[in-house]
Amino acid sequence: MKNRHQDKTIVLTGGGSTGHVSVNLALIPGLLADGWSVHYIGSKDGIERSLIEPLKGVTYHDISTGKLRRYWDKRNLSDMLRVGKGLVQAAALLRRLRPDVVFSKGGFVSVPVVLGAKLNRIPAIIHESDVTPGLANRIAIPCATAVCTTFPETAAYIRGARVVQVGPLVRPELYNGDAERGRKLCGFDRSRPVLLVMGGSLGSRRLNEAITEALPELLPRWQIVHLRGKGQVASGAAAAGGSAASGLAANRSATGRLTVSGLAAGGSMASESATSESVSEPGYRSFEYLSEELPDVLALADAVLTRAGANALFEMLALRKPMLLVPLPLSQSRGDQLRNAASFEAAGLARVLPEEKLSTVTLLQELRALTTGDPELQDRLIAAAPADPLPQLHDLIRQTARGRS
């Protein structure tokens, strides 16, 4: 007996960061269970390939892509040529696959795909996580059938497409963490609360530096699990070798991987799925990133220090984690994280520490205020915890595909 959508085909796209893939990852199991033929268009070397290509039942296709900058740079011309090549590739691929619908999470690789869908008269749905759409989505929105938003205020920034308020999507597996497994992974005990530090899939050099500098002051009060970001552990370990964290001892093995001495009592090295590099001292555990083990570490955390990407904010909200936010400043971004952080701060769901004010003293002050200065915070987090938008997204995909039939 055929599933009810067995003859339906969907193309998903999005990439450049984990945030531009996470919604697609959450959608894929339900799409496959409903019998959809699922294809994914991403870049050749982006993080989306490593996340999507291993999935059973999903066919990955790569196209040329380039960064679309809002400022003059000599690389703009070559990148525009790559985007143009990607548009030709995406349009030809969509013409061959003949999907019933395209679903885009954003990122620069998604622009040629949504434009290619328009050229082939294929309906496209865009998902926008931030308060204001990024450049890639702003370019693509006029070609979209519908735009799904996370923040209610985003509707004011969208013209030319139907807006569907769906709220935040949280990966279901994040709810299944086990704090005891996380404690064993990190080698922590119950003597102090646990602070999780994370700067996104690519990490945050400034947050990494701030934590390294503040370790002597933080460790008497906190146990710290630190997700530095892909490729940043080795440099962070070297920096930590100074007076700020003299207990860290890192050595390279014959294979070239970073090996570590000075693990916390009772701890063990993380599995290879967690990270290929890790650094530890008692009360402090550092990883490049975590995959299968992330839900366990999230369950363990008593508070989170993070940037202000929308996906991370709503995941922490869903898990009811007190958050101290250090959003990317305007000098390094279009201001989306500043707006995200301001929205959460105004709702009383997080504290915000501007990067220009970030220091050991201000970090300690804000963490103290976060954990002891607001006894009603947990009640607000519980009240604001988001509902699951997956059923609504799946219904929208079905309706959009059916409208093309």
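From a predicted model like this one, the values you see are computed outputs, not experimental measurements. (Residues numbered from 1 in each chain as written. Predicted model: local features only at pLDDT ≥ 70, side-chain atom pairs only at ≥ 80, totals over all residues. Heavy atoms only, no water.)

1. Focus on the nonpolar core
Thinking step 1. Judged by nonpolar contacts, the single largest core of 58 residues is most densely connected at Leu196, Ile224, Leu305, Phe344 and Leu363.
Thinking step 2. Excluding residues that lie within four positions of it along the chain, Leu363 makes contacts with Ile211, Ala214, Leu218, Leu305, Leu324, Leu353 and Leu358. (Core = buried A, V, L, I, M, F, W, Y, C linked by side-chain atoms within 4.5 Å. Buried < 20%, exposed > 50% of the residue type's maximum accessible area, 1.4 Å probe, protein only. Contact = heavy atoms within 4.5 Å.)

2. A few points about helix H10 (residues 310-318)
Thinking step 1. The element H10 is extensively covered by neighbouring structure, given that nine of its nine residues are classed as buried.
Thinking step 2. At its buried positions, H10 is contacted by helix H1 (22-33), helix H9 (294-300), strand E14 (303-306), strand E15 (323-325), helix H11 (336-346) and helix H13 (377-384).
Thinking step 3. Phi turns positive one or two residues past the end of H10, at Arg320, with a value near 60 degrees. (Helix = DSSP H or I, 4+ residues; strand = E, 2+ residues; numbered from the N terminus.)

3. Examining the pairing of strand E5 (residues 124-128)
The side chains of a regular strand alternate, first on one face of the sheet and then on the other.
Thinking step 1. For E5, the buried fraction is high: five of the five residues fall into the buried class.
Thinking step 2. Of the two faces of E5, the one carrying Ala124, Ile126 and Glu128 and the one carrying Ile125 and His127 are both buried.
Thinking step 3. With three bridges connecting them, strand E4 (residues 101-104) and E5 associate as parallel partners. Pairing of Phe103 across the sheet is with Ile125, part of E5.
Thinking step 4. Assessed by its sense of winding, the connection that carries the chain from E4 through helix H4 (residues 110-119) to E5 is right-handed. (Pairing = 2+ DSSP bridges. Right-handed = clockwise from strand over helix to strand, strands pointing away.)

4. Here's the deal with the confidence of the model for the protein
Thinking step 1. Averaged over all residues, the pLDDT of the protein equals 83, while 81% of them reach at least 70.
Thinking step 2. Of the regions scoring below 50 in pLDDT, residues 234-278 engages in 95 contacts with residues more than four places distant in sequence or in other chains. (pLDDT = per-residue confidence, 0-100.)

5. Looking at the sheet that holds E5
Thinking step 1. Reading across from one edge, E3-E2-E1-E4-E5-E6-E7 is the order of the seven strands in this open sheet, with parallel pairing throughout. Lying at the two open borders of the sheet, with one neighbouring strand each, are strand E3 (58-63) and strand E7 (162-165). Strand-to-strand twist of the sheet, defined as the mean angle between neighbouring strand axes without regard to direction, takes the value 25 degrees.
Thinking step 2. In this structure, strand E6 (residues 146-149) lies alongside E7, joined through four bridges in parallel fashion. Counterpart to Val147 in the pairing with E7 is Val163.
Thinking step 3. Sitting on the sheet, H1 touches strand E1 (9-13), strand E2 (37-43), E3, E4 and E5, and the angle it makes with E1 is about 165 degrees.
Thinking step 4. Relative to E4, H4 is tilted by about 155 degrees, and along the sheet it contacts E1, E2, E3, E4 and E5. (Axes fitted to C-alpha atoms, helices over the stretch in contact; angles between N-to-C directions.)

6. Observations regarding the pattern of salt bridges
Thinking step 1. By the definition in use, this model includes twelve salt bridges.
Thinking step 2. A salt bridge links Asp34 to Arg398; the nearest nitrogen and oxygen atoms lie 2.8 Å apart. Taken together, the residues Asp34 in the loop between H1 and E2 and Arg398 in helix H14 (residues 390-404) connect sequence positions 364 residues apart. For the pair formed by Asp34 and Arg398, the shared burial category is buried.
Thinking step 3. Put simply, Arg183 and Glu180 hold a salt bridge, and the shortest N to O gap is 2.5 Å. Of the two residues, Arg183 and Glu180 are both situated in helix H6 (residues 179-186); the distance of three residues between them amounts to about one turn of the helix.
Thinking step 4. Since its relative accessible area comes to 15%, Arg183 is described here as buried.
Thinking step 5. Bridged by salt links that share partners, the residues Asp34, Asp395 and Arg398 form one connected network. (Salt bridge = Lys/Arg side-chain N within 4 Å of Asp/Glu carboxyl O.)

7. Side note on the packing of H10 against H11
Thinking step 1. Where H10 meets H11, the axes come as close as 10 Å, and the angle between the chain directions of the two elements is 25 degrees. Taken together, the axes of H10 and H11 lie roughly parallel to each other. Contacts between H10 and H11 involve Ala310, Leu313, Phe314 and Leu317 from the former and Asn340, Ala341 and Phe344 from the latter.
Thinking step 2. In the contact of H10 with H11, the residues fall into six nonpolar, one polar and no charged. (Parallel < 35°, antiparallel > 145°, perpendicular 65-115°, else oblique. Nonpolar A, V, L, I, M, F, W, Y, C, P; charged D, E, K, R; others polar.)

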